[in-house]
Amino acid sequence: MRYHRVAHWQCLKRFHDLQLTQRLPRVFGSVLIAVLLTGIMLAGPCSRKRSIDDRDRALIARTYVLARMAAERGDNPFGALLVSEDGEILREAKNAVSTSGGANAYKQHAERRLIRDSLVLFGEQALRTATLYSSTEPCSRCWAAIRRAGMPSVVYGSSARGMQLARGREPPGLEPWKILRWLDPRTELIGPVAEDEGREIHRITWGRASDE
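Residues numbered from 1 in each chain as written. Predicted model: local features only at pLDDT ≥ 70, side-chain atom pairs only at ≥ 80, totals over all residues. Heavy atoms only, no water.

Colleague: So what exactly am I meant to see when it comes to the packing of aromatic side chains here?
Modeller: For any two aromatic rings, the description comes down to two numbers: the centre-to-centre distance and the angle of the planes. This model, assessed by the stated rule, comprises zero aromatic pairs. Here the basic side chain of Arg141 rests over the ring of Tyr106, its NZ or CZ set 4.1 Å away from the ring centre. One cation-aromatic arrangement involves Arg167 over Trp206; the distance from NZ or CZ to the ring centre is 3.6 Å. (Phe/Tyr/Trp six-rings, centres within 6.5 Å; stacked < 30°, edge-to-face > 60°. Lys NZ or Arg CZ within 6 Å of the ring centre and 35° of its normal.)

And the structure:
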C-alpha cells in the first residue's frame, strides 16, 4: 500500500514538473494555428478569387499609368483608383511619399490618399459600394484604412511578393495580419492582375533608384 502511495505521489510530482497543465493550452493553440495555416496553404494565396474580366484589366492598366507618373516625379511607383458600381472612375491617387514632405510617409501611400480624399468628396456611403483598384497589393496600414472605410472589394495588379522579387529582395514569410485578412470575409481581395507589367514597373523604378 505504501508503494502505491509513493508511486502515486511521484506521478503527481512528475506531472507538475512537466507543467502539463500549463502546456496543454499552448499545445492546443499550436494545433489550431497549424490547422489554419494548412487550410490557407491548401486554399492558395490570401486573395479570394472571382473571375477577372476586361474591365478589371483596363482599370489596373490605369493604375500602372499612375504608378509610372508617381515614379517620374520622384515618388514610389504606386497608383490607386476609386471605381463606382457602374464602373466609373470617381477618383485617382498617386503615391506622394517623397514629394509631400510630410513626416508620416505611410499616410501618403496611394490607397490612403485615395480614401482620405474620397471621404471628403463623396462621403462614407460611396466608399461602401465602390471598389478600390491598386497597382500593387496594399500593405497592412493601407488594408486597415480600407477596412475602416468599409470597402467591399479591392483589385490589385502586382502582388506584394512579386514586388519584392522585382526589387531583388527576399519576400517575407506568412505575416500574421495576412492570416487575419484571409479570415475576414467583409472585403473581397482580387488579384494579381497583369502582374508581369506591375513587376516590370517596380524592377525599373527601384533599379534606377539604387543606381542613383
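Colleague: I tried to follow the state of the cysteines on my own but got confused; where do I start?
Modeller: Disulfide: a covalent bond connecting the sulfur atoms of a pair of cysteines. If you walk through the whole model with that rule in mind, you get zero disulfides. With no disulfide partner, Cys139 has as its closest neighbouring cysteine sulfur the one in Cys142, 3.6 Å distant. Look at Cys142 and you get buried, because its relative accessible area is 1%. (Disulfide = S-S within 2.5 Å. Buried < 20%, exposed > 50% of the residue type's maximum accessible area, 1.4 Å probe, protein only.)

Colleague: Please clarify how the sheet that holds strand β2 (residues 89-94) should be interpreted in this entry.
Modeller: Read from one edge of the open sheet, five strands run β2-β1-β3-β4-β5, paired in mixed fashion. Edge positions in the sheet fall to β2 and β5 (188-190), since each has one partner strand and no second. Each neighbouring strand pair of the sheet contributes to a mean axis angle of 15 degrees, computed without reference to strand direction. Where strand β1 (residues 79-83) lies against strand β3 (residues 131-136), four bridges are found, and the strand directions are antiparallel. Paired with Leu81 across the strands is Tyr133, a residue of β3. (Pairing = 2+ DSSP bridges. Helix = DSSP H or I, 4+ residues; strand = E, 2+ residues; numbered from the N terminus. Axes fitted to C-alpha atoms, helices over the stretch in contact; angles between N-to-C directions.)

Colleague: Sorry, what's going on with the nonpolar core here?
Modeller: Most often, soluble globular proteins keep nonpolar side chains buried together rather than apart. Judged by nonpolar contacts, the single largest core of 20 residues is most densely connected at Ile115, Leu132, Ile146 and Met151. For this core, the elements supplying multiple residues, two or more each, are β1, α4 (110-122), α6 (140-148) and β4 (153-158). Here Ile115 is in contact with Leu127, Leu132, Ala145, Ile146, Ala149 and Met151, once residues within four sequence places are set aside. Among the nonpolar cores identified, the runner-up in size contains 12 residues, and Ile60, Val155, Val193 and Ile201 belong to it. (Core = buried A, V, L, I, M, F, W, Y, C linked by side-chain atoms within 4.5 Å. Contact = heavy atoms within 4.5 Å.)

Colleague: Help me understand a nonpolar patch on the surface, please; the structure alone is not making it clear to me.
Modeller: A grouping of Val120, Leu121 and Phe122 is seen on the molecular surface, where their side chains present a nonpolar patch of about 300 Å² in accessible area. Here Phe122 shows up in helix α4. A relative accessible area of 35% means that Phe122 is categorised as partly exposed. (Patch = residues over 30% accessible without salt bridge, like charges linked within 9 Å, V, L, I, M, F, W, Y side chains within 5 Å. Areas by Shrake-Rupley, 256 points an atom, 1.4 Å probe, with all protein chains shown as cover. Salt bridge = Lys/Arg side-chain N within 4 Å of Asp/Glu carboxyl O.)

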